[in-house]
Amino acid sequence: MKTLVVASGGADSISTLSLAKGEVEIISFNYGQKATRELQSVINIAKKLNMKYNIIDISFLKEMFGTSNQLTGDSDIKPAYQQNVVVPLRNSMFLQIAYIYALTHDFDIVMLGSHMGDCAEIDGERLYPDCSPEFFKAFQHAMDLGTFRKEKKVQVVTPSILGLSKFQLLQKGYEYMNTLLFESWSCYKSEELHCGNCESCNNRKSAFALAGIEDKTIYAQ
Ligand SMILES: [Zn+2]
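Residues numbered from 1 in each chain as written. Predicted model: local features only at pLDDT ≥ 70, side-chain atom pairs only at ≥ 80, totals over all residues. Heavy atoms only, no water.

### Notes on the coordination of the zinc ion
- Distances from the zinc ion to its protein donors, Cys187 (SG), Cys195 (SG), Cys198 (SG) and Cys201 (SG), fall at 2.3 to 2.4 Å.
- Because the angles between the 4 donor atoms bound to the zinc ion fall within 103 to 116 degrees, the donor set is best described as tetrahedral.
- Binding-site remark: the zinc ion is held by donors from one chain whose sequence spacing is C-x7-C-x2-C-x2-C. Here Cys198 lies in the loop between helix H5 (166-177) and helix H6 (199-211) and Cys187 lies in the loop between H5 and H6, a separation of 11 residues in the sequence.
- Overall, the relative accessible area of 1% leaves Cys198 in the buried class. (Donors = N, O, S within 2.8 Å, 3.2 Å for Na, K, Ca; no water. Tetrahedral: all angles 85-135°; square planar, octahedral: opposite > 155°, others 65-115°. Helix = DSSP H or I, 4+ residues; strand = E, 2+ residues; numbered from the N terminus. Buried < 20%, exposed > 50% of the residue type's maximum accessible area, 1.4 Å probe, protein only.)

### Some points on the nonpolar core
- Membership of the largest hydrophobic core comes to 39 residues, with the highest contact counts inside it found for Leu4, Val6, Phe94 and Val110.
- Taken together, the elements giving at least two residues each to this core come down to strand S1 (2-6), strand S2 (23-30), helix H3 (90-104), strand S4 (109-112) and helix H4 (133-146).
- Element by element, the count of residues in this core is highest for H3, at 7 residues.
- Those residues in contact with Val6 that lie beyond four places of it in its chain are Ser13, Ile27, Phe29, Phe94, Ala98, Val110, Met111, Leu112 and Gly113.
- Within the second largest apolar cluster, 27 residues are counted, among which are Ala20, Val42, Ile45 and Ala207. (Core = buried A, V, L, I, M, F, W, Y, C linked by side-chain atoms within 4.5 Å. Contact = heavy atoms within 4.5 Å.)

### Side note on the pattern of salt bridges
- Per the stated rule, a full pass over the model turns up 7 salt bridges.
- For Lys152, the salt bridge identified is with Asp106, shortest N-O distance 2.8 Å. Of the two residues, Lys152 sits in the loop between H4 and strand S7 (155-157) while Asp106 sits in the loop between H3 and S4, which places them 46 residues apart along the sequence.
- Judged by its relative accessible area of 36%, Lys152 is partly exposed.
- Among the ionic pairs, Lys152 bridges to Asp108, the shortest N-O distance being 3.2 Å. Note that Lys152 is positioned in the loop between H4 and S7 and Asp108 in the loop between H3 and S4, a separation of 44 residues in sequence.
- Connected through salt bridges with shared partners, the residues Asp106, Asp108 and Lys152 form a single ionic network. (Salt bridge = Lys/Arg side-chain N within 4 Å of Asp/Glu carboxyl O.)

### Remarks on the packing of aromatic side chains
- Inspection of every chain in the model, using the stated rule, returns 9 aromatic pairs.
- Seen from their ring centres, Phe135 and Phe136 are 5.6 Å apart, and the 70 degrees between their planes marks the pair as edge-to-face.
- In this structure Phe135 comes out as partly exposed when scored by relative accessible area, which is 21%.
- Take Phe136: its relative accessible area is 1%, and that puts it in the buried class. (Phe/Tyr/Trp six-rings, centres within 6.5 Å; stacked < 30°, edge-to-face > 60°.)

### Looking at H3
- With 15 residues, H3 extends 22 Å from end C-alpha to end C-alpha; this agrees with the ideal 21 Å at 1.5 Å per step.
- Within H3, burial applies to Arg90, Asn91, Ser92, Met93, Phe94, Leu95, Ala98, Tyr99, Tyr101 and Ala102.
- A positive backbone phi angle near 60 degrees is found at Asp106, which sits one or two residues after H3. (Expected span 1.5 Å × (residues − 1).)

### With respect to the environment of Asp12
- Looking at the secondary structure, you find Asp12 in helix H1 (residues 11-16).
- Judged by its relative accessible area of 16%, Asp12 falls in the buried class.
- In this structure, the C-alpha to C-alpha distance between Asp12 and Leu170, residues 158 residues apart in sequence, is 6.7 Å.
- When residues no more than four places from it in sequence are discounted, the contact partners of Asp12 are Gly113, His115, Lys166, Leu169 and Leu170.

### Overview of unusual backbone geometry
- With a phi close to 60 degrees, Asn50 is a non-glycine residue in the positive phi region.
- Judged by relative accessible area, which is 74%, Asn50 ranks as exposed.
- One non-glycine residue, Asp123, lies in positive phi territory at about 50 degrees.
- Taking the relative accessible area as the measure of exposure, Asp123 reaches 80% and is therefore exposed.

### Examining the sheet that holds strand S3 (residues 52-57)
- Read across the sheet, 5 strands follow the order S3-S2-S1-S4-S7 without closing on themselves; strand pairing throughout is parallel. Edge strands, defined here as strands with exactly one partner in the open sheet, are S3 and S7. Averaged over all pairs of adjacent strands, the angle between strand axes in this sheet comes to 25 degrees, irrespective of strand direction.
- The strands touched by H3 are S1, S2, S3, S4 and S7; relative to S4, the strand with the most contacts, the crossing angle is about 160 degrees. (Pairing = 2+ DSSP bridges. Axes fitted to C-alpha atoms, helices over the stretch in contact; angles between N-to-C directions.)

Structural data, given as structure tokens:
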């Protein structure tokens, strides 16, 4: 059994490693994000867990995401969710590339760390539409149709498919790697410390509180 995990370096994707089965390998992406610290986090954690990792450079796509995106463009990072924090179909793109890698390197499962919180709705619309169980089901179906019948089928598994919320996911991650989880990088900025102010830092704080785990992350604020 071999599992490939798409990991950004944030607490969610790093915790997803705890759900991976068999031989585990990590795939990460430089997509032109401001928070390059998250990739340093992946490398650091992969080394400490003795896991093989790959950083795929797709930063040439940055221009395609437009200038108004919070994560890759000129917009300031905001403390609460706004739609321009969503890089259009970023997760589906990660998953597509990871799926191809999984297919050509004999993996059984590919995992991506989206959880139920990413699927919450505002005005009947998912916060991150390409993180929902129904999206992954459709993606799986498309991959099954897009590959030869005789080829091994790679299974897409995510915490959202398993019904896990962010705090439940962090609990699993903490059980698995203990304080190493605090070496994950959630902040949308790339400063020396987690800013403690952006949406992602705020979500990290509240999820650790809900999980009943003392948050040892050092926040600037
Ligand atoms: Zn932050």
